[in-house]
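# A closer look at the structure
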Amino acid sequence: MATVVAVVAALAAACCFAVAAVMQQAAAASEPENASLRPRLFLGLLRRPLWLAGAEM
């Protein structure tokens, strides 16, 4: 029984991680390309609710 719980928990964690990564990528894709590798990109992402929701997952 403990193994089943562990497998279900691992699958749920993997799904949450995947959804969070997609949310953050979608928000980052909408930022301008000239902001890449600059602190401005991170500051812009901090203002996007979708990116923040992905970071909180």
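The model shown is predicted, which means the values in this text are computed figures rather than measured ones. (Residues numbered from 1 in each chain as written. Predicted model: local features only at pLDDT ≥ 70, side-chain atom pairs only at ≥ 80, totals over all residues. Heavy atoms only, no water.)

Close approach of charged atoms allows side chains with opposite charge to pair. Using the criterion set out here, one finds one salt bridge in the structure. Notably, a salt bridge pairs E31 with R48, separated by 2.6 Å at the nearest N-O pair. Placement of E31 in the loop between α1 (2–29) and α2 (39–46) and of R48 in the loop between α2 and α3 (49–56) is noted, with a sequence separation of 17 residues between them. Residue R48 is classed as partly exposed on the basis of its relative accessible area of 30%. (Salt bridge = Lys/Arg side-chain N within 4 Å of Asp/Glu carboxyl O. Helix = DSSP H or I, 4+ residues; strand = E, 2+ residues; numbered from the N terminus. Buried < 20%, exposed > 50% of the residue type's maximum accessible area, 1.4 Å probe, protein only.)

Given two aromatic rings, their pairing is described by the distance between the two centres and the angle made by the two planes. Tallied over the entire structure, the rule returns one aromatic pair. When the ring of F42 is compared with that of W51, the centres are 5.8 Å apart and the planes differ by 85 degrees; the resulting orientation is edge-to-face. Classification of F42 by relative accessible area gives partly exposed; the value is 45%. (Phe/Tyr/Trp six-rings, centres within 6.5 Å; stacked < 30°, edge-to-face > 60°.)

Let's shift gears to unusual backbone geometry. In most cases, non-glycine residues show a negative phi, while peptide bonds are predominantly trans. A positive phi angle, near 60 degrees, is found at L37, a position not held by glycine. Here L37 is to be found in the loop between α1 and α2.

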